[in-house]
Every structure is written in C-alpha cells, then in structure tokens.
Amino acid sequence: MSDEGTVTIEGRQYHLIPYGSEKGAFAGPCHRCGVELQARHSSTCPLGPGRRYRRPTECRDCGQSIGQLHVLNCGIERCPRCAGQYATCSCEGSEDAPDDSDAGDWDPVARGTGTDGGL
C-alpha cells in the first residue's frame, strides 16, 4: 500500500472500503434469511424472527468492526475499482497482492486498522 487505506490497481490509486461503508446491493442482506437492512427477519430466521435486521457490528468473515478495513482476503470486502468481491475480482495489477515470491513473508492478518495489525 502506498498510503494508509489505499491500493494501486491497474496503475490508479483507490481507497479501500471499510466494513460498514459498502453501498447498494453490497450493503449485505441477512446471511440467514436474506432480508435487506432495516427490514424484519423472517419468522424462521434464527437471528431474531420479526426483529429489524441491522448490520452486524463486526464483519462475519474477518471480524473487523464497523469503520475498520477488512483483513486481507476477507470474503466480504468489496473491490474499490469494480465493486466485486475483492479477494476474487478480476482487476489486474494490484501492487498489494502477494505473489509466490512473497509467500513466506506474507501475513494475511496485518491488513486491518485495528489494534491487532495496523497498516
């Protein structure tokens, strides 16, 4: 990363999208019953039948809190260029993605902005 919270993809700088800042369809429905934010859970949802769905305070994949950057390769994180799943999108040229020569030194947890691994 060249600056905290930015990545270079295909020669351009992009700001990473912190957990909780996703837009539109990527804001995430309930992973159990599929209702959208602020709608009521279905009667069979184990997370609270009839209760309003609110964004979890922590990412269900990497555990980062709202406002923090996702851990590297988190399945919930969105690509700041294409809005696809960042860990698997087809955007080329990210200077931050590890290659095979970096594999021994690469720490996938040292990506977030929390106390356990700042940028």
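Residues numbered from 1 in each chain as written. Predicted model: local features only at pLDDT ≥ 70, side-chain atom pairs only at ≥ 80, totals over all residues. Heavy atoms only, no water.

It is not clear to me how the overall build of the chain should be interpreted in this structure. Could you clarify?
Across its full length, the chain holds zero helices and two strands. Split into buried and exposed, the 119 residues of the chain put 31% on the buried side. (Helix = DSSP H or I, 4+ residues; strand = E, 2+ residues; numbered from the N terminus. Buried < 20%, exposed > 50% of the residue type's maximum accessible area, 1.4 Å probe, protein only.)

Whenever I open this one, the pattern of salt bridges confuses me. Can you help?
Counted by the stated rule, this structure contains two salt bridges. Between Glu10 and Arg81 there is a salt bridge whose closest N-O contact spans 3.1 Å. Of this pair, Glu10 sits in the loop between strand S1 (6-9) and strand S2 (12-15) while Arg81 sits in the segment after S2, and the two are 71 residues apart along the sequence. Residue Glu10 is classed as partly exposed on the basis of its relative accessible area of 39%. (Salt bridge = Lys/Arg side-chain N within 4 Å of Asp/Glu carboxyl O.)

Help me understand a positive patch on the surface in this model?
Judged by side-chain charge, Arg40, Arg51, Arg52 and Arg54 come together as a positively charged surface patch. The topology assignment puts Arg40 in the segment after S2. (Patch = residues over 30% accessible without salt bridge, like charges linked within 9 Å, V, L, I, M, F, W, Y side chains within 5 Å. Areas by Shrake-Rupley, 256 points an atom, 1.4 Å probe, with all protein chains shown as cover. Lys, Arg positive; Asp, Glu negative; His and termini not counted. Charge placed at Lys NZ, Arg CZ, Asp CG, Glu CD.)

When you look at the side chain of Thr8 in this model, what are you seeing that I'm missing?
Position of Thr8 among the secondary structure elements: in strand S1. Polar side-chain contacts of Thr8 include one of 2.3 Å to the side chain of Gln13. (Polar contact = N/O pair within 3.5 Å; in protein donor to acceptor, adjacent residues only side chain to side chain.)

What exactly am I supposed to notice about the confidence of the model for the chain here?
Summing up the model confidence of the chain, the mean pLDDT is 76 and the portion of residues at 70 or higher is 71%. For the stretch residues 98-119, pLDDT sits under 50, and the model shows 38 contacts to residues farther than four places along the chain or on other chains. (pLDDT = per-residue confidence, 0-100. Contact = heavy atoms within 4.5 Å.)

Whenever I open this one, the pairing of S2 confuses me. Can you help?
For a regular strand, the rule is simple: side chains alternate between the two faces of the sheet. Across four bridges, S1 lies against S2 in antiparallel orientation. By the bridge assignment, Ile9 is partnered in S2 with Arg12. Between S1 and S2, which pair antiparallel one after the other, the connecting turn spans two residues, and Glu10 there sits at a positive phi close to 50°. (Pairing = 2+ DSSP bridges.)

Help me understand the environment of Leu47 in this model?
Here Leu47 is to be found in the segment after S2. As a C-alpha pair, Leu47 and Cys33 span 14 residues in sequence and 8.7 Å in three-dimensional space. Beyond its immediate chain neighbours, meaning those up to four positions away, Leu47 contacts Cys30, His31, Arg32 and His41.

For this particular structure, what's the right way to read the environment of Arg40?
Overall, the relative accessible area of 48% leaves Arg40 in the partly exposed class. With near-sequence residues (within four places) excluded, Arg40 lies in contact with Val35, Gly50, Arg51 and Arg52. There is a polar contact of 3.1 Å between the side chain of Arg40 and the backbone oxygen of Gly50.

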